[in-house]
Amino acid sequence: MFDRIISNPEILGGKPCVKGTRISVEFLLELVAQGASRADILTAYPHLTAEDVEQALRYASRFLENEVVISTETPEMSEARQIAEEWHRRLAGKMSSDSTDLIRETRDS
């Protein structure tokens, strides 16, 4: 299925790359994310084929398809974060009213 994509520990530390190159799937994704079209990529890297780019994008898609995101936040961490956020909101509100009072005092004196 992905005969153009290889992963070899001797090449880019094992990152998936286009076979026969040192162009990683990650790099091709970055190009696409920055707005490069497939035609732009093939023009900039003429040693790549359209199939190389297609396989790299399909590989990335397939790799992420079954990704499971696991929250590492414990209930205690969640509670601490909520307390900190509330404290920050109160402090920001107090600072705002204190600043207004200070401006009034300065103006009135």
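About the criteria used
Every residue gets a number counted from 1 within its own chain, in the order that chain's sequence is written. Under the rules for a predicted model, residues below a pLDDT of 70 receive no local features and side-chain atom pairs below 80 are neither given nor counted, while totals for whole chains, interfaces and linings still include all residues. No hydrogens and no water enter the side-chain calculation; it runs on all heavy atoms of the structure. For helices, the axis comes from a line fit to the C-alpha atoms of the stretch in contact; other axes are also lines fit to C-alpha atoms, and the angle between any two N-to-C directions lies between 0 and 180 degrees. The secondary structure listing takes helices from DSSP runs of H or I that are at least 4 residues long and strands from runs of E that are at least 2 residues long, numbered from the N terminus. Roughly parallel covers angles under 35 degrees, roughly antiparallel covers those over 145, roughly perpendicular covers 65 to 115, and oblique covers all other angles. Throughout, a residue-residue contact means that at least one pair of heavy atoms, one from each residue, lies within 4.5 Å. When residues are grouped by polarity, Ala, Val, Leu, Ile, Met, Phe, Trp, Tyr, Cys and Pro land in nonpolar, Asp, Glu, Lys and Arg in charged, and all others, Gly among them, in polar. The term salt bridge refers to a side-chain nitrogen of Lys or Arg lying within 4 Å of a carboxyl oxygen of Asp or Glu. Burial status follows relative accessibility: with a 1.4 Å probe on protein chains alone, a residue under 20% of its type maximum counts as buried, one over 50% as exposed, and anything between as partly exposed. Note on ring pairs: Phe, Tyr and Trp rings are taken, using the six-membered ring of Trp, and paired if centres are within 6.5 Å. Classes follow the plane angle, with under 30 degrees stacked, over 60 edge-to-face and the rest tilted. Per-residue confidence from the predictor is given as pLDDT, running between 0 and 100.

### Some remarks on the packing of helix α1 (residues 25-33) against helix α3 (residues 50-65)
Where α1 contacts α3, the two axes come as close as 9 Å, and the packing angle between them is 95 degrees. Comparing the axis directions of α1 and α3 gives the class roughly perpendicular. In contact with V25, L28, L29 and V32 of α1, α3 contributes A56, L57, Y59 and A60. Taken together, the residues that form the contact of α1 with α3 break down as 8 nonpolar, no polar and no charged.

### Things to note about the pattern of salt bridges
In this structure the tally under the stated criterion is 4 salt bridges. In this structure, the salt-bridge partner of D52 is R4, at a minimum N-O distance of 2.5 Å. With D52 in helix α3 and R4 in the segment before β1 (5-6), this pair connects stretches of sequence that are 48 residues apart. On the basis of relative accessible area, R4 is assigned to the partly exposed category, the value being 24%. A salt bridge links E26 to K15, with the shortest nitrogen-to-oxygen separation between them at 2.5 Å.

### Let's talk about the packing of aromatic side chains
A full pass over the atoms with the stated rule returns 2 aromatic pairs. Both rings, one in F27 and one in Y45, keep their centres 5.8 Å apart while their planes meet at 90 degrees; by these two values the pair is edge-to-face. Placement of F27 in helix α1 and of Y45 in the loop between α2 (38-44) and α3 is noted, with a sequence separation of 18 residues between them.

### With respect to the confidence of the model for the protein chain
Model confidence for the protein chain is summarised by a mean pLDDT of 82, while 79% of its residues fall at 70 or above. In the model of the protein chain, helix α4 (residues 75-108) stands out as the element of lowest mean pLDDT, 66, in contrast to strand β2 (residues 17-18), which has the highest, 96.

### Some details on the environment of R38
Turning to its location among the elements, R38 is positioned in helix α2. Separated by 12 residues in sequence, R38 and A50 have C-alpha atoms that sit 7.4 Å apart. In contact with R38, other than residues within four places in its own chain, are V53, E54 and L57.

### Overview of the environment of A56
Summarising the element assignment, A56 is placed in helix α3. Along the sequence, A56 and F2 sit 54 residues apart, while their C-alpha atoms lie 8.3 Å from each other. Beyond its immediate stretch of four places on either side in the chain, A56 contacts I5, V25 and L28.

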